[in-house]
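If you want the building blocks of each chain, they are given just below.
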Amino acid sequence: QVRLVESGGGLVQAGGSLRLSCTGSERSSGGYTTAWFRQAPGKDREFVGVFKWRNSYTYYGDSVKGRFTISRDSAENTEYLQMNSLKPEDTAVYYCAAGRPILSTVRQSVGYRFWGQGTQVTVST
């Protein structure tokens, strides 16, 4: 069982920045990939990004590309989602998830078995 805990959400003005953290148990030793998703009210869960899937490939969703960056501190078993130039449309609950996705599922929530509780990000105008 992998336990994931997100933190760092909050309220920020448009154009501002936030950094989210995702700390997990057993992720590294289990060989799991961690990804970020978000879900706004009334919308489907959206892929945000994944860091070094298969130890090589980092992908970002089109709506966040160039503004969001994922990094990892392996010693702390923590991944970070740095969010810059935030827009009101970035308002959502942000989740980290762990799993063993294949190429066809690396950008889809179905590719991830374990999920954190989510952290709210609200961007005001």
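Read on for an overview of the structure. From a predicted model like this one, the values you see are computed outputs, not experimental measurements. Numbering of residues begins from 1 in every chain and follows the order in which that chain's sequence is written. It should be noted that, the model being predicted, local features are given only for residues of pLDDT at least 70 and side-chain atom pairs only at 80 or more, the latter also being counted only at that level, while totals for whole chains, interfaces and linings use all residues. The side-chain figures draw on all heavy atoms in the structure; neither hydrogens nor water molecules are used.

## So, the overall build of the chain
Argument step 1. Numbering of helices and strands runs from the N terminus; a helix is a DSSP stretch of H or I covering at least four residues, while a strand is a stretch of E covering at least two. When its secondary structure is counted, the chain shows one helix and 11 strands.
Argument step 2. When the elements of the chain are put in sequence order from the N terminus, they spell out β-β-β-α-β-β-β-β-β-β-β-β.
Argument step 3. C-alpha atoms define the radius of gyration in this analysis, and the globule rule sets the expected value at 2.2 Å times the number of residues to the power 0.38. Relative to its length of 125 residues, the chain is compact, with a C-alpha radius of gyration of 13 Å against a globular reference of 14 Å.
Argument step 4. With respect to the principal axes defined by its C-alpha atoms, the chain has extents near 40 × 30 × 25 Å.

## Comments concerning the pattern of salt bridges
Argument step 1. Criterion for a salt bridge: a side-chain nitrogen of Lys or Arg within 4 Å of a carboxyl oxygen of Asp or Glu. Inspection of the entire model under this criterion finds five salt bridges.
Argument step 2. Where Asp 90 meets Arg 38, a salt bridge forms, and the shortest distance between an N and an O atom there is 2.9 Å. In this pair, Asp 90 is assigned in the loop between strand E8 (78–83) and strand E9 (92–99) and Arg 38 in strand E4 (residues 33–39), connecting sequence segments 52 residues apart.
Argument step 3. Ionic pairing is found between Glu 79 and Arg 72, a salt bridge with its closest N-O pair at 3.0 Å.
Argument step 4. Note on Glu 79: relative accessible area 1%, which makes it buried.
Argument step 5. Residue Arg 72 is classed as partly exposed on the basis of its relative accessible area of 34%.
Argument step 6. The network of salt bridges with common partners includes Arg 38, Glu 46, Arg 67 and Asp 90. For every residue, the accessible area obtained with a 1.4 Å probe (protein chains only) is divided by the maximum for its type, and the residue is called buried under 20%, exposed over 50%, and partly exposed between those limits.

## Topic: the sheet that holds strand E7 (residues 68–73)
Argument step 1. Here, strands pair whenever DSSP counts at least two bridges between them. With antiparallel pairing, four strands are arranged side by side in an open sheet as E1-E3-E8-E7. The sheet is open, and its two edges are formed by strand E1 (4–7) and E7, each paired on a single side. With direction set aside, neighbouring strand axes in the sheet form an average angle of 20°.
Argument step 2. Pairing geometry for E1 and strand E3 (residues 18–24), over four bridges, is antiparallel. A fitted line through C-alpha atoms represents every axis, and for helices the fit uses only the stretch in contact; the resulting angles, taken between N-to-C directions, go from 0 to 180 degrees.

## Re the packing of aromatic side chains
Argument step 1. When the centres of two rings from Phe, Tyr and Trp lie within 6.5 Å, Trp using its six-membered ring, the rings pair. Their planes under 30 degrees apart give stacked, over 60 give edge-to-face, and anything left gives tilted. Within this structure, the stated rule accounts for eight aromatic pairs.
Argument step 2. The interplanar angle of 50° and the centroid separation of 5.2 Å between the aromatic rings of Phe 37 and Trp 115 together place this pair among those described as tilted. Here Phe 37 is found in strand E4, whereas its partner Trp 115 is found in strand E10 (residues 114–115), with 78 residues between them in sequence.
Argument step 3. Given a relative accessible area of 26%, Trp 115 falls into the partly exposed group.
Argument step 4. Of the aromatic side chains, those joined through ring pairs into one cluster are Phe 37, Phe 47, Tyr 95, Tyr 112 and Trp 115.
Argument step 5. For Arg 19, the ring lying beneath its charged end belongs to Tyr 80, and the centroid distance is 4.1 Å.
Argument step 6. A ring has a charge above it when a Lys NZ or an Arg CZ is no more than 6 Å from the ring centre and no more than 35 degrees off the ring normal. Across the ring face of Trp 115, the terminal group of Arg 45 is positioned such that the distance to the ring centre comes to 4.5 Å.

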